Amino acid sequence: MRASCGRKGIFGKPLPCPYDGQPEEPDDTTRSLLRDVCGPAFAEGPVCCTSDQLEILRDNFDQVEGLISACPACRNNFREFYCSFTCSPEQSTFLDITSTQNTTTGQTAVKSLDFFVAEKYGQGFFNSCKDVQVGSANSYAMDLIGGGAKNYSSFFKFMGQERAIGSPFQIDFPLAPPPEFSPLDRLPRNCADTDLTSRCTCIDCPDICPALPPVVLPNAGPSCQVGSLSCLSFILIVTYSLAVLGLSIGFIIERTIRSRREKTYERVALSAETASPRIHTRGLVGAGSLAQYIEEDSAGTQSESRHLGRGASLLDPIETVQPRQYRLNNLLRAGFYRLGLFAASSPWLTFALVFLFVGLLNIGWKKFEVETDPVRLWVSPSSESKQQKEFFDENFGPFYRTEQIFVTSVGREVETGYNVSMQGITVGNKAPVLSWSHLKYWMDVEAEIRDLKSPHGYTLSDVCFKPAGPHGACVVQSVGAWYGNDLEDYDEDTWAEQLQLCAESPVQCLPDFQQPLAPQYVLGGVPMHESGREAYLEAEALVITYVVSDSLDPEVQAKAMEWEVVLRDYLTELSQRSGREAGLEIAFSTGVSLEEEINKSANTDVKIVVLSYLAMFIYVSLTLGSGTATREEDGVISSLTEWARNFPKLFTRSSVTSSSISIDSSTTPRIFPRLPRSLFVGSKFTLGLFGILLVILSVSTSVGLFSFLGVKVTLIIAEVIPFLVLAVGVDNVFILVHELDRQNFLHGPNAATHNYQGPGFSAPMSPTNSHRSPFDSTHDEIDTASMPLYLSAEERVARTLAKMGPSILLSTITETVAFGLGALVPMPAVRNFALYAAGSVFLNAVLQVTVFVSALSLDLRRYESSRIDCFPCVRLPSRIALSDAPTTNTGLGRIARFIRKYYAPFLLKPIVKGLVLVIFAGVFVASVISMQHIQLGFDQRLALPSESYLVSYFDSLDAYLDVGPPVYFVSKDIDVTQRAGQQALCGRFTTCSDSSIANRLEGERKRTESSLIAEPSASWIDDFLGWLDPAKEACCRVRKANTTIFCGERDSPRLCQPCYKDKQPAWNITMVGLPENEEFMRYLKQWWISPTTESCPLAGKASFGSALSLDESGSRVTASHFRTFHSPLKSQQDFIDAFAAAHRIADEISEETGATVFPYSLFYVFFDQYAHIIAITQEVLGLGLASVLIVTALMLGSWRSGSIVTGVVALTVVTVMGVMSIWGISLNAISLVNLVISLGVAVEFCAHIARAFMSAGTGLPVDHPSGQKERDERMWTALVDVGPSVLSGITFTKLIGMSVLALTRSRLLEIYYFRMWLTLIISGALHGLVLLPVVLSIAGGSGFPQQEADEEWMSNAIRSEYEYAPFLADDESLSSD
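Model, not experiment: these values are computed from the prediction.

Strand order in the open sheet formed by four strands is 20-21-17-22, and the pairing between neighbours is antiparallel. At either margin of the open sheet sits one strand with a lone partner, and together these are strand 20 (1108–1110) and strand 22 (1156–1160). The sheet shows a mean angle of 15° between the axes of neighbouring strands, direction not considered. When strand 17 (residues 966–972) meets strand 21 (residues 1117–1125), the two strands line up antiparallel, connected through seven bridges. In the sheet register, Val 967 faces strand 21, and the bridge partner there is Thr 1124. Along the sheet, helix 36 (residues 1077–1089) makes contact with strand 20 and strand 21, crossing strand 20 at roughly 130°.

Put into structure tokens, the structure is as follows:
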């Protein structure tokens, strides 16, 4: 080949002429040009090219100079390759022209040829260029000059293809040349060579990069493992197994010894009654049988109870007469007694005072505000990531606003409303989206979007991001850009070929904003052929992204948001008709979508809230009236049955004479049934409704109080607080009503004188008429037998609060403190929730011990005056009751009788205690093992209404987008005008620091598995200093006449020269002679405003226009950033790992360079919490348990019992955490607060039983020989006393309140509230009613008997020689319930 023989078309490039002559010596001008273009290798000897060809070659080299010049090996190999192709005198040995064509001038030119290249040379050429980066585009030079080739043959094939931008004729590269040809074989330059004309920097040549030490992967599992188990799990399993084995062996041995001992005693003893009862009271875990507590009809218990005779008293008389007291307990009981007496005696005054105070607090509603901004909701103001985001926004401008659309073919329905831990879309379920009809339809849609106008006339062009400046093109990433946004030049037969070409070589299809569009940006769900190539034409989704500029200027931002609202409305309407019109499904998100959807009230299902309160009201109303102490009476069903049986008698003639009078009026026929009086008088509908209203009032008052204090309400508060306070607040209502029923049975109008000794030590005590507190300390002798049994309603209510008030105080303090500790979580939405919850619970307790006590008193008066509930003005007449036989009512409800007869005796058996400890220890071990698999994160789809269009968008995002989010490494506090500062940033010069930002990011990119960085970084300083290279003649230029004046883009080359031409020392890769100080800033400012063009791709305006922040005077760079991309992030764990990896990298760079470096990505502010959440969880739960220990120990008067309660509470929380991983509940700020709530609520399951246990004491020391038996008796008493209240008043109320949440449409409420609280309730009830009684009965502290019980019990015992059955029962004294 030689010379040029014209063009193929008017706008075509010159074509070479076929030539079979000898090479010729060029003239001096051509030789000079040849040396400049091809280097010293062509300084002498004949060549096969002309000056015209050399000029074309030079222009072609200039086009790629900015892409490959950073790596001398690639640049020189590239030039040598094409210089040899064009000018080598040995052309005939490696070139074979295979076809020719006629040009416009009528000459014959080359049409195609074969170029034979040796494999080793071709491979070396490719290797020298494959890793050269184009930082400004976060891509590689090979993507541009080689079409993204992965091997040298693909590289050559791309360069040899005939096309408008590329080779003007076809060049083929056969692998095997014919015998008469010798392939071109040169020694390729290697990027790792020590020669400066070859050696590249680490960024472009991985072979010379220092190896970074290995790092632990962010999501790495435990470092110590035994098989598939962590060492902790293995140790726990082994320890538990050994403990169970040892316990079993010990039990067998003990039973064997006991059996032999009993056989020996049977042979020696004269009778069973002469044996010491204490011989038979030792068990493996607890002490003897409690069979004597159950009713007479339990025949199987007599063999055990016969061992305890009348003389086997466990109570030392002196210790009984002088029981020990706990001063704090007495003070609290006395205080609550006085409070209860005042509230019961002056109910209307109590109402007035309390409601006046509550009304004043509700005035705070005037300052009521709802927080809706997602950042201010979910990100702490003191968060490091939030401060870094604000710094980034102020210095570089806010991140772009993205409008993204996913287009797929209509397929079968895919469940998207319940996506939590898995993708809702499975790639492959839908047909390919690409077809000629779909493409035409979507191009019309894009045209309509470009023409959309907001109410003020703003269009896409007014709000979009334009990297080339105000007059440039918008950044719209779409397949339409591959077609120039116009299908006029394509048809049904050619569209696919163009798409395949653009997908394989994006550089050949540059969009109007002149940046290559890789297929992963515009196509999703691309399958792979068996050959390993992507089947782009079978892609499942189109991905369209509109990049809109954001600003801190409210007016500019409002303009963008106004257009986004129009776009959202258009896309919403489009999504409804696209399936019908074109068979396409649309999933989309706009810049305004997320905040709008999060703040929708769809999750606040009013019906669910109302249903929850209605269910609780019905349960409370029906349950509260069931324990009213009345004489025995038929129930509703039996009354209706009797009425139906007697009704026919109305229509038959009676044979009874007038003298025959029926004593039993129940058999008398009536027109209407005679319903039981308790249905009208004994019900407590009004009281239950009042208790529910107090819950609502406490929530309202809490909102008013904290609104006044400036704490904003969030939607979580509105959705969750009503359920929480309802479940927690109603408990105390049951406890107070149940205790009042007990007081009514003991001291009410229908109380029996001698037939009942209540569970516990609350034996009758007759007060004085002056309502002297029974809790005032006195040792005067009281003749209680001569005092009346009946107590006034006010006195009974006061005694109720006196007994249960300390328990309510204990649970309220622990719950309030636990909820309040949730405020330590820095996330505003969670902190505000914790404050409102703590306030609501505390205020609810205050209302219950004041106005509800007054309501109790009024309701008791209504009941005793036989007035109808709900209609107290109506009074029923009294019925005549004939007391033919003493009543058999024991005052115990069904639950209490079940506990007394079956549950308590069974639970306190030694073998059962052992099994309980083994089972709960196993649950603990399993929970700790399960806890290790709890995932961190919070799926943002859960915060959306289930019907939100964003749910399908996020599903599509996870399934189809294969591009990671951009990440910026920001440097500040570094002087870039000095060489040291430049070397701390750069990466493309030999003197750059090995730990510089550019070098370090490149090193991290090479270990993507731990850094999660996938793309080359955009280094502004390398491009800036490269822009100064005089070899790039189209870049930095100054006037020849005045070198202080920069040339513009339009200035003639004849008037300008390179900035660094003839500079001494010359521009070089050692940085010697490169600008510093003021000269640096002068060149930098010009580079910053120079347009990025094909002739000079290193100019900074388009690529780095927002990468620098200068001070006000423009004399110093205050901050700059280096842009790169994360690898595709699919799961919450991926995002957390990316956040952790980026901060690790930034911290290490800061430490090594002395510069301040931090990473920033748009999602970091929301994931900052996970960097500290485990430590915060440990801190908050640790403080919570410490507070529980202190409060319970002080309130119970025993550090031993307080420690046991705290331990059981901790086990409850551990169990909840163990279920979290099983039930798919991640650890985040919301679940952390729920764990804190679990801690507080768990105390409620334990507090009342623990206090009843401590209040049933006899004063025996812990190490007393009869201490075990005494603890069993106390626990039996406690279970019968408050067990029913804990079960029906705490467990069932919480279950009812929480179960309604299962009906909610909100996945957030279902997963993080219903699931966690249901687990808490079940776990709390089991630990409180099963484990706690067992542990307390084994190791509980010494008790403190209630003061009034001491006095009454001693008085009755002295005067009537009465012995308390549970302690001193024998075969003859057992009484039935």
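With that settled, the discussion passes to the state of the cysteines. In total, this model carries 13 disulfides according to the counting rule given. With its sulfur 1.3 Å from that of its partner, Cys 5 forms a disulfide with Cys 17. The S-S bond linking Cys 5 to Cys 17 shows a torsion near 120°; that makes this disulfide right-handed. One end of the pair, Cys 5, is in strand 1 (residues 2–7); the other, Cys 17, is in strand 2 (residues 14–17), with 12 residues separating them in the sequence. Across this residue pair, the class does not change: Cys 5 and Cys 17 are buried. Shown here is the disulfide that connects Cys 502 with Cys 509, its sulfur atoms set 1.9 Å apart. Here Cys 502 and Cys 509 share a disulfide; its torsion about the S-S bond, -85°, makes the bridge left-handed.

Most pronounced at Leu 1332, the bend in helix 44 (residues 1307–1339) amounts to some 35°, and the proline Pro 1333 follows within four residues. A large share of helix 44 lies buried, amounting to 28 of its 33 residues.

Let us now look at the environment of Phe 1245. On the secondary structure map, Phe 1245 appears in helix 42 (residues 1229–1255). C-alpha of Phe 1245 to C-alpha of Leu 1326: the two residues are 81 residues apart in sequence and 9.0 Å apart in space. Apart from the residues within four sequence positions on either side, Phe 1245 is in contact with Val 1286, Ile 1290, Thr 1291, Lys 1294, Leu 1320, Ile 1321, Gly 1324, Ala 1325 and Gly 1328.

Scoring rules and cut-offs
- Residues numbered from 1 in each chain as written.
- Predicted model: local features only at pLDDT ≥ 70, side-chain atom pairs only at ≥ 80, totals over all residues.
- Heavy atoms only, no water.
- Pairing = 2+ DSSP bridges.
- Helix = DSSP H or I, 4+ residues; strand = E, 2+ residues; numbered from the N terminus.
- Axes fitted to C-alpha atoms, helices over the stretch in contact; angles between N-to-C directions.
- Contact = heavy atoms within 4.5 Å.
- Disulfide = S-S within 2.5 Å.
- Buried < 20%, exposed > 50% of the residue type's maximum accessible area, 1.4 Å probe, protein only.
- Bend = angle between axes of the 7 residues up to and from the residue.

Just distances and angles here, no functional claims.
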